[in-house]
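# Descriptive analysis of the structure
Residues per chain, in single letters:
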Amino acid sequence: MTRKSYYRRILIMLLIASVIYTIEYGYRYINNNIPDSINLHADSENSYDLKIPVAATVSSEDKEVSIEGYSGILNREIKISTNDNALSNDESLGKYNVDVKLFGIFNFKSIEVNVIEKQKVIPCGFPVGIYLETDGIMVIGTGTVKGMDGNVYNPAESKVNSGDYIVSLNDIPVSSKSQLIFLVNKYGSDDIVLGIRRNGQIIKVLINPVETAVSEYKMGIWVRDDTQGIGTLTFITEDGKFGALGHGISDIDTGKLLDSNTGILYEADIWGIKKGENGTPGGLCGVVIYENNCILGKINANTDRGIFGQAEDELMEICDFQPIDMSFKQDVHKGAAYIRCMLDGEIKDYEIEIVSVDRTGDAKNKGMVIQVTDPELLSITNGIVQGMSGSPIIQDGKLAGAVTHVLVNDPTKGYGIFAEDMMK
């Protein structure tokens, strides 16, 4: 083989590899930009950008669609270019599919379209105290204990895992750390059987507690029960359901979402603010007011999209703003917006910029990147601080989403979740 033919072969191989990479990258790019599902409002003309970077055909056997900006008879199959928005006028609730063919030839994706009723929400933006009751007692780790005989034991090693929930001891239901300690001391002279919930399944585990002092026994298990903190209330629906935080409450040690569907929303008193700095997130400094007359609602779900529950009448009276429409993902765009929060005793709207939008759904509570531009808010907090999670994001007079996280290396920036994702 001559040197010339050798180099020619190398170039051909590089060209083939480049073509394969381009096709694969293009496929992933288009697939990520075309959503798996779209929500639309009933009894209204809906416009949605499918983010198709090449010419395609959009069709539906169930519904008629058209192209925005064009008049004429609606079609069940239309050609759409890179800058066109599809239109649909849906009168009835339900679901149907819209099929996308690239270049009008290749079947590429079927999009599920959900037609739902318009729902108005009341954006709130004030801090609340959160008391979350865990369903069982969460195991955060295991370790060694020293017995009265001077020896070191690890009775729970390889039997109990971080993230497990202890739900019973000798078939007695347990719901608090203090109760668990009492039962271990009561029955610890013999082997005990723990009921463990792991990955949704209940298993039985035999533990031999260690006597560490007279009539005092330990299992070598570190546990945590109920948790509490301060966050921001995002919205209340007109029928009194609330959503807050925009992300779930997770255990600080394990990072796992706390398994809880019950809790209480209390009033909170913010007495100070620690400003955020590059590399060090700031935070709201306050206390939760654990009084019966300060209960604002009942928590019934802790999810990766936020905490949710039913508001008390007092909460409805506090959050007396006018209801507004909720934006769908396709309505949210880069540009000016506001976040609503209470930092100095008064609820205010502060200017921000939505700098990027990711509708792929890969990061449930990081669909938007936002940047604080309001001089007053920057002077108070330097941007976004812990405790502001859940602050409503309002764009074009609609609830676009909620603040979820701060970028640690730049406190002026943070992430937001789409309101549509919270409402799911």
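Above this text is the structure in question.
Within any chain, residue numbers begin from 1 and follow the written order of that chain's sequence. Owing to the predicted nature of the model, reporting of local features is limited to residues with pLDDT of at least 70; listing and counting of side-chain atom pairs is limited to 80 or more, with chain, interface and lining totals taken over all residues. Side-chain figures throughout are based on the complete set of non-hydrogen atoms in the structure, without hydrogens or water.

## Things to note about the sheet that holds strand β33 (residues 410-418)
Here we have six strands rolled up into a closed barrel, ordered β28-β29-β30-β33-β32-β31, and antiparallel in their pairing. Averaged over all neighbouring strand pairs, the angle between strand axes comes to 45°, with direction disregarded. Bridge analysis of strand β30 (residues 368-372) against β33 gives four bridges, and the strand direction is antiparallel. Counterpart to M368 in the pairing with β33 is G416. By this definition, two strands are paired if DSSP reports at least two bridges between them. By definition, any uninterrupted DSSP run of H or I lasting at least four residues is a helix, any uninterrupted run of E lasting at least two residues is a strand, and each is numbered from the N terminus. Lines fitted to C-alpha atoms define the axes, with helix axes restricted to the stretch in contact, and inter-axis angles between N-to-C directions lie between 0 and 180 degrees.

## Section: the pattern of salt bridges
Any two side chains of opposite charge can pair if their charged atoms end up close together. Salt bridge, as applied in this entry: a Lys or Arg side-chain nitrogen positioned within 4 Å of an Asp or Glu carboxyl oxygen. Throughout the structure, instances matching the rule amount to twelve salt bridges. The salt bridge involving R197 is made with D135; its shortest N-O contact spans 3.8 Å. You can see R197 sitting in strand β16 (residues 192-198) and its partner D135 sitting in the loop between β10 (127-133) and β11 (137-142), a full 62 residues away along the chain.

## Focus on helix α2 (residues 177-187)
Each full turn of the α-helix corresponds to 3.6 residues, which orients residues three or four apart in the same direction. Each residue gets one of three labels from its accessible area relative to the maximum for its type: buried under 20%, exposed over 50%, partly exposed in between, using a 1.4 Å probe on protein chains only. Taken together, the buried positions of α2 are occupied by L180, L183 and V184. Axial view of α2: buried residues confined to an arc of 105°, hence all on one face. The outward face of α2, more than 90 degrees from its buried face, is lined by the exposed residues S178, F182 and K186. Throughout, a contact is declared for two residues whenever any of their heavy atoms are within 4.5 Å. Elements in contact with the buried residues of α2: β11, β14 (165-169), β15 (172-173), β16, β19 (216-218) and β20 (221-224). The directions considered for the arc run from the helix axis to the C-beta atoms.

## Considering the nonpolar core
Side chains that are nonpolar tend, in soluble globular proteins, to be buried together. By size, the foremost hydrophobic cluster in this structure holds 22 residues, and its most contacted members are F126, I130, L233, F242, L265, I307 and L315. At three residues, the largest contribution of residues to this core is made by β10. What L315 contacts, discounting residues up to four positions off in sequence, is F126, L233, I236, F242, L265 and L296. By convention a nonpolar core is built from buried Ala, Val, Leu, Ile, Met, Phe, Trp, Tyr and Cys residues, the set being connected through side-chain atoms within 4.5 Å. Counting residues in hydrophobic clusters, the runner-up holds 21 residues, among them A337, Y350, V385 and A400.

## A few points about the environment of E277
Relative to the elements of secondary structure, E277 occurs in the loop between β23 (262-274) and β24 (283-288). The exposure class of E277 is exposed, given its relative accessible area of 52%. Separated by 132 residues in sequence, E277 and N409 place their C-alpha atoms 7.7 Å apart.

## Thoughts on the state of the cysteines
For this text, the term disulfide refers to a pair of cysteine sulfurs within 2.5 Å. Tallying each qualifying case throughout the model produces one disulfide. Put simply, C124 and C319 are joined by a disulfide, and their sulfur atoms are 2.5 Å apart. Its torsion about the S-S bond being -110°, the disulfide of C124 and C319 is classed as left-handed. With C124 in the loop between β9 (120-123) and β10 and C319 in the loop between α3 (313-318) and β27 (324-325), the pair connects residues that are 195 residues apart, well separated along the chain. Neither C124 nor C319 differs from the other in exposure class; each is buried.

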